[in-house]
Amino acid sequence: MSNQLSDRLNRLAPSATLAMSQKSAELKAQGVDVINMSVGEPDFPTPEHIKQAAKRAIDENWTSYTPVPGYPALRQAIAGKLRRENGLLYDPSQILVSSGAKQSVCNALLALVGKGDEVIIPAPYWVSYPQMVLLADGEPVCVEATLEQDFKLTPEQLEQAITPRTRALIICSPSNPTGSVYTKEELKGLKDVLLRHERVMVIADEIYEHINYTGTHASLAQFPELRERVVLVNGVSKAYAMTGWRIGFIAAPEWVVKACNKLQGQYTSCPSSVSQKAAEEAYNGPQECVEQMRQAFERRKNLIVSLIRETPGLEVNDPQGAFYVFPKCSSFFGKSFEGRTIETSTDLAMYLLEVAHVATVGGDAFGSPQCLRMSYATSDENITEAMRRVREALARLR
Ligand code: PMP
Ligand code: GLU
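Since this is a predicted model, take the numbers as computed values, not measurements. (Residues numbered from 1 in each chain as written. Chains lettered and ligands numbered in written order. Predicted model: local features only at pLDDT ≥ 70, side-chain atom pairs only at ≥ 80, totals over all residues. Heavy atoms only, no water.)

Visitor: How do you make sense of the side chain of Ser-21 when you look at a structure like this?
Guide: In this structure, Ser-21 sits in helix α2 (residues 16-29). Judged by its relative accessible area of 15%, Ser-21 falls in the buried class. If near-sequence neighbours (up to four positions away) are discounted, Ser-21 is found in contact with Asn-36, Ser-38 and Val-39. (Helix = DSSP H or I, 4+ residues; strand = E, 2+ residues; numbered from the N terminus. Buried < 20%, exposed > 50% of the residue type's maximum accessible area, 1.4 Å probe, protein only. Contact = heavy atoms within 4.5 Å.)

As structure tokens, then:
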């Protein structure tokens, strides 16, 4: 009986996005021509000047443990970014760098949430949020925001979901998986509700900040009355095409930063030294690369939305950020092809992978079983070909 896992691990579901991506990679290795629209990461290489900074860092021997919350120069660079781009004044002591924004979110939840605490998560949500809440022994409270409301939580829904046990709200804008972007006005509505419930903290996941087609990024941290209760999460992964470097950060009240510092000091020591030097260059160096990638994503978004709208049976919003589309696909449930019946969106994702050789992720994992997530962080050619295959495969379902 030595191979028993802890209850904590038994409760945890594996990451559906990473699992689907791995499946697609396995098929590719067998020689199948798979178009991977499952995992969400920029398809661009990291910009040259950032790679050069990392090479220099190695040559200059930035190769030891760093301070637990990150190098002072990087925290300073992040404070500069928050001031310049977001109008937010943070002292470097209120910033903590981690191994990806994923660790940043997880640190914050582990620091704030305990047994019996509830965390409100608007659904559709990024797959990892409820799982991280469970890791922290908390209870995820998922509140459905429908396609008709552009997948955005309303102040009324928030008010209704709050109980004396609510400890935090997670808001992701631009959103993974829906691409929805909250306006300043919409956030103000949520802020007014939050001001009436002083125990509720906010985790504002802004990792897709720069992949935004509305022209403005708004943050709950920009309301001074709420600022002391907001843990802002961001990082270099998406804006600078740096997913593999594993650098994210929180900007938060100092007591939260200190708690995360203690936590991180016990289980990862610090984020990678070389990656921190690369991230410092990302924030301090030229910014044209960010806009160039944003424009490419916007063009691809327009392409895929128009192709989905031409596909019978799929229904889609017009996402205003991130690089995902999240079409409703439930009109195919109950239909079959060669004895195979589609009951759920995960069934549909498997069908599309095996028959059309297009990897997507079923909406079940995002708390929205009616939908299917497709990442359009791939070339125009891949998008066009993938949608051709998807349309053909869907047409065979009767
Ligand atoms: N938040 C959201 C909403 C994401 O989609 C991702 C990407 N996996 C992350 C956080 C984590 O980003 P990172 O790669 O920096 O850990
Ligand atoms: N954010 C990406 C996604 O949702 C990366 C995978 C992950 O971390 O889950 O696909």
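Visitor: Can you walk me through the site of ligand 2 in this structure?
Guide: Around ligand 2, the surrounding shell consists of Ser-15, Thr-17, Leu-18, Val-39, Gly-40, Lys-102, Trp-126, Asn-176, Tyr-208, Lys-238, Tyr-324 and Arg-373. Within the contact set of ligand 2, an oxygen atom lies 2.8 Å away from a side-chain nitrogen or oxygen of Lys-102. Coverage of ligand 2 by the protein amounts to 89% of the 280 Å² it exposes when considered alone. Its residues placed into classes, the shell around ligand 2 shows five nonpolar, four polar and three charged. (Near = heavy atom within 4 Å. Polar contact = N/O pair within 3.5 Å; in protein donor to acceptor, adjacent residues only side chain to side chain. Areas by Shrake-Rupley, 256 points an atom, 1.4 Å probe, with all protein chains shown as cover. Nonpolar A, V, L, I, M, F, W, Y, C, P; charged D, E, K, R; others polar.)

Visitor: Just checking my understanding: could you explain the environment of Asn-382 for this structure?
Guide: For Asn-382, the position within the fold is in helix α13 (residues 380-395). Expressed as a C-alpha distance, the spacing of Asn-382 and Glu-206, which sit 176 residues apart in the sequence, is 27 Å.

Visitor: What's the story with the pattern of salt bridges in this structure? I'm lost.
Guide: Close approach of charged atoms allows side chains with opposite charge to pair. For the structure on display, the rule yields 27 salt bridges. One network of salt bridges, in which partners are shared, links Asp-33, Glu-385, Arg-388, Arg-389, Glu-392 and Arg-396. (Salt bridge = Lys/Arg side-chain N within 4 Å of Asp/Glu carboxyl O.)

Visitor: Can you walk me through the sheet that holds strand β4 (residues 139-144) in this structure?
Guide: With mixed pairing, the seven strands of this open sheet are ordered in space as β2-β8-β7-β6-β5-β3-β4. The sheet is open, and its two edges are formed by β2 (95-98) and β4, each paired on a single side. Neighbour to neighbour, the strand axes of the sheet diverge by 20° on average, direction disregarded. For strand β5 (residues 166-172) and strand β6 (residues 201-205), the ladder comprises five bridges, and the chain directions are parallel. Bridge assignment links Ile-170 to a residue of β6, and that residue is Ile-203. Seen against the sheet, helix α5 (residues 101-112) touches β2, β3 (118-123), β5, β6, β7 (230-235) and β8 (248-251) and runs at an angle of roughly 160° to β7. (Pairing = 2+ DSSP bridges. Axes fitted to C-alpha atoms, helices over the stretch in contact; angles between N-to-C directions.)

Visitor: When you look at unusual backbone geometry in this model, what are you seeing that I'm missing?
Guide: A negative phi holds for most residues other than glycine; trans holds for most peptide bonds. Cis geometry marks the peptide bond from Ala-123 to Pro-124; its omega dihedral reads 0°. Among the structural elements, Pro-124 can be located in the loop between β3 and α6 (128-135). Residue Pro-177 follows Asn-176 across a cis peptide bond; omega there is 20°. Position of Pro-177 relative to the elements: it lies in the loop between β5 and α8 (184-195). The backbone of Ser-269 shows a phi angle near 70°, a positive value even though the residue is not glycine. Residue position: Ser-269 is located in the loop between α9 (254-267) and α10 (273-284). Of the residues examined, Ser-269 reaches a relative accessible area of 29% and is grouped as partly exposed. Its identity as a non-glycine residue notwithstanding, Glu-338 has a phi of 45°, on the positive side. Turning to its location among the elements, Glu-338 is positioned in the loop between β10 (336-337) and β11 (340-341). Given the relative accessible area of 71%, Glu-338 is considered exposed.

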